[in-house]
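The chain contents come next:
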Amino acid sequence: MSNELAEPLRLLVEEFCRLPGIGKKSARRLAFHVLRGTDDDARRMAETIVQVKEQMRHCEICFQFTDQQPCRICSDPGRDQGLVCVVQEPGDIFPIERAGGYRGLYHVLMGALSPLKGVGPESLKLTELLQRLDTVNEEGGVHEVILATNPDVEGEATAAYTLRLLKPKGYKVTRIGFGLPVGSSLEYADEVTMARALEGRREI
């Protein structure tokens, strides 16, 4: 008996395989889960995916994903406008928010420096960061920039490069503490670890 999947199922498995962290076995399990569900379940999932693609955009200020402009964090008057936490990806914001205690703003670089992957400074939202900080300074001042890039080789290189851009302008720049394991990603940090990393940040 052939072990090959029917063409529609094979295509669905291939699509699931394109998701980060999903291998062939997990993709097959997800595909069969969809098959076991009702037509309404599958339709709702498909419509939700289309809806999120149509309605979500990058915030015009911080570049996280949002359904309003500016995003809810940037438009919150209760946030400290002079405190900006710089992260690599939109998903990095959520563990910091879950940790509680941080009431500043964010700036998403949309990646990290990686010459081997062809990602240079021009590929990141660094120019936008500098322009934003200059604008905030005109309105009242930035008292601290927190570099919260991942504690891996690319994240460290990105933090070092960003520091070189910010220090000549006189900004106080801090780096999150290393309660985070070296080589890990902020996206997977638990609340306690993230809170300790923020509390243990040091000036650089």
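Our structure is the block above this text.
How each quantity is defined
Here the residue numbering is sequential within each chain, running from 1 through the sequence in written order. Only residues with pLDDT of at least 70 get local features here, since the model is predicted, and only at 80 or more are side-chain atom pairs given and counted; chain-wide, interface and lining totals rely on the full set of residues. Hydrogens and water are ignored here; the side-chain numbers use all heavy atoms of the structure. Starting at the N terminus, helices and strands are each numbered in turn, a helix being any DSSP run of H or I of at least four residues and a strand any DSSP run of E of at least two. Note on classification: 1.4 Å probe, protein chains only; a residue is buried when its accessible area is under 20% of the maximum for its type, exposed when over 50%, partly exposed between these limits. We call two residues in contact when some of their heavy atoms are within 4.5 Å. Computed with a 1.4 Å probe, the accessible areas rest on the Shrake-Rupley method; for each residue, only the protein chains presented here act as cover. We count a salt bridge whenever a side-chain nitrogen from Lys or Arg sits within 4 Å of a carboxyl oxygen from Asp or Glu. By nonpolar core we mean a set of buried residues, namely Ala, Val, Leu, Ile, Met, Phe, Trp, Tyr and Cys, connected to one another through side-chain atoms within 4.5 Å. Axis lines are fitted to C-alpha atoms, over the contacting stretch for helices. Their N-to-C directions set the angle, which ranges from 0 to 180 degrees. Each angle receives one of four descriptions, namely roughly parallel if under 35 degrees, roughly antiparallel if over 145, roughly perpendicular if within 65 to 115, and oblique otherwise. Handedness of a crossing is defined here by the sense of rotation of the near helix relative to the far one, left-handed for an anticlockwise turn of less than a right angle and right-handed for a clockwise turn. Residue polarity follows a fixed list, in which Ala, Val, Leu, Ile, Met, Phe, Trp, Tyr, Cys and Pro are nonpolar, Asp, Glu, Lys and Arg are charged, and the others, Gly among them, are polar. A 3.5 Å cut-off defines polar contacts: any pair of N or O atoms within that distance qualifies, except that in protein one atom must be a possible hydrogen donor and the other a possible acceptor, and neighbouring residues in sequence count only when both atoms are side-chain atoms. Strand pairing follows a simple DSSP-based rule, namely that at least 2 bridges must link the two strands. Looking down the strands as they point away from you, a crossover is right-handed if its path from the first strand over the helix to the second goes clockwise.

Engineer: Pulling in residues and values, what's your account of the overall build of the protein?
Structural biologist: Along its length, the protein carries 7 helices and 7 strands. Beginning at the N terminus, the succession of helices and strands in the protein can be written as α-α-α-β-β-β-α-β-α-β-α-β-α-β. Relative to its 204 residues, the protein shows a buried fraction of 37%. In the protein, the share of contacts with a sequence separation of at least 24, taken over all contacts with a separation of at least 6, comes to 56%. For the protein, the exposed area adds up to about 12200 Å²; of that, 54% sits on carbon and sulfur atoms.

Engineer: Provide a residue-level description of the pattern of salt bridges, including the pertinent values.
Structural biologist: Counting across every chain of the model gives 12 salt bridges. For Arg43, the salt bridge is made with Asp40, and the minimal N-O distance between the two is 3.2 Å. Pair noted here: Arg43 and Asp40 are both in helix H3 (residues 39–55), with a separation of 3 residues, about one helical turn. When its relative accessible area of 45% is taken as the criterion, Arg43 is described as partly exposed. When the shortest N-O distance is used, the salt bridge between Glu97 and Arg79 registers 2.6 Å. Of this pair, Glu97 sits in helix H4 (residues 93–99) while Arg79 is found in the loop between strand S2 (65–66) and strand S3 (83–87), placing the two residues 18 residues apart along the sequence. By relative accessible area, Arg79 is classed as buried at 7%.

Engineer: Got a sec to walk through the nonpolar core? Specific residues and values, please.
Structural biologist: Membership of the largest hydrophobic core comes to 19 residues, with the highest contact counts inside it found for Cys85, Val87, Ile96, Tyr102 and Tyr106. Looking at this core, the elements that each hand over two or more residues are S3, H4 and strand S4 (105–108). With 18 residues, the next largest nonpolar core counts Val86, Leu129, Leu130 and Tyr171 among its residues.

Engineer: Any details on the packing of helix H1 (residues 7–17) against helix H2 (residues 24–36)? Residues and values, ideally.
Structural biologist: Where H1 contacts H2, the two axes come as close as 8 Å, and the packing angle between them is 125°. Considering their axes alone, H1 and H2 lie oblique with respect to each other. Note on packing geometry: the crossing formed by H1 with H2 is right-handed. From H1, Leu9, Leu12, Val13, Phe16 and Cys17 reach across to H2, where they touch Lys24, Ala27, Arg28, Leu30, Ala31, Phe32, Val34 and Leu35. Partitioning the contact of H1 with H2 into residue classes produces 11 nonpolar, no polar and 2 charged.

Engineer: With reference to specific residues and values, describe the side chain of His107.
Structural biologist: With respect to the element layout, His107 can be found in strand S4. For His107, a relative accessible area of 0% gives the class buried. Within the structure, His107 has its side chain in polar contact with the backbone oxygen of Lys125 (distance 2.9 Å). Residues within four places of His107 in sequence aside, it is in contact with Ile61, Cys62, Phe63, Val84, Cys85, Val86, Val87, Lys125, Glu128, Leu129 and Arg132.

Engineer: A description of the pairing of strand S5 (residues 144–147) should follow, citing residues and the corresponding values.
Structural biologist: With burial as the criterion, each face of S5 is covered, one bearing Glu144 and Ile146 and the other bearing Val145 and Leu147. For S3 and S5, the ladder comprises 4 bridges, and the chain directions are parallel. Within S5, the position partnered with Cys85 by the bridge is Ile146. Note: S5 against strand S6 (residues 173–175), 3 bridges, orientation parallel. The residue of S6 that forms the bridge with Leu147 is Arg175.

Engineer: Account for the pairing of S3, naming residues and giving values.
Structural biologist: Across the 5 residues that make up S3, a large majority, 5, are buried. The alternating pattern of S3 places Leu83, Cys85 and Val87 on one face and Val84 and Val86 on the opposite face, and all of these are buried. With respect to chirality, the unit in which S3 leads through H4 into the neighbouring parallel S4 is right-handed.

Engineer: Give me the environment of Val84: which residues, what numbers.
Structural biologist: With respect to the secondary-structure elements, Val84 resides in strand S3. By relative accessible area, Val84 is classed as buried at 1%. With 89 residues separating them along the chain, Val84 and Val173 place their C-alpha atoms 9.8 Å apart.

These figures come from the coordinates and say nothing about function on their own.
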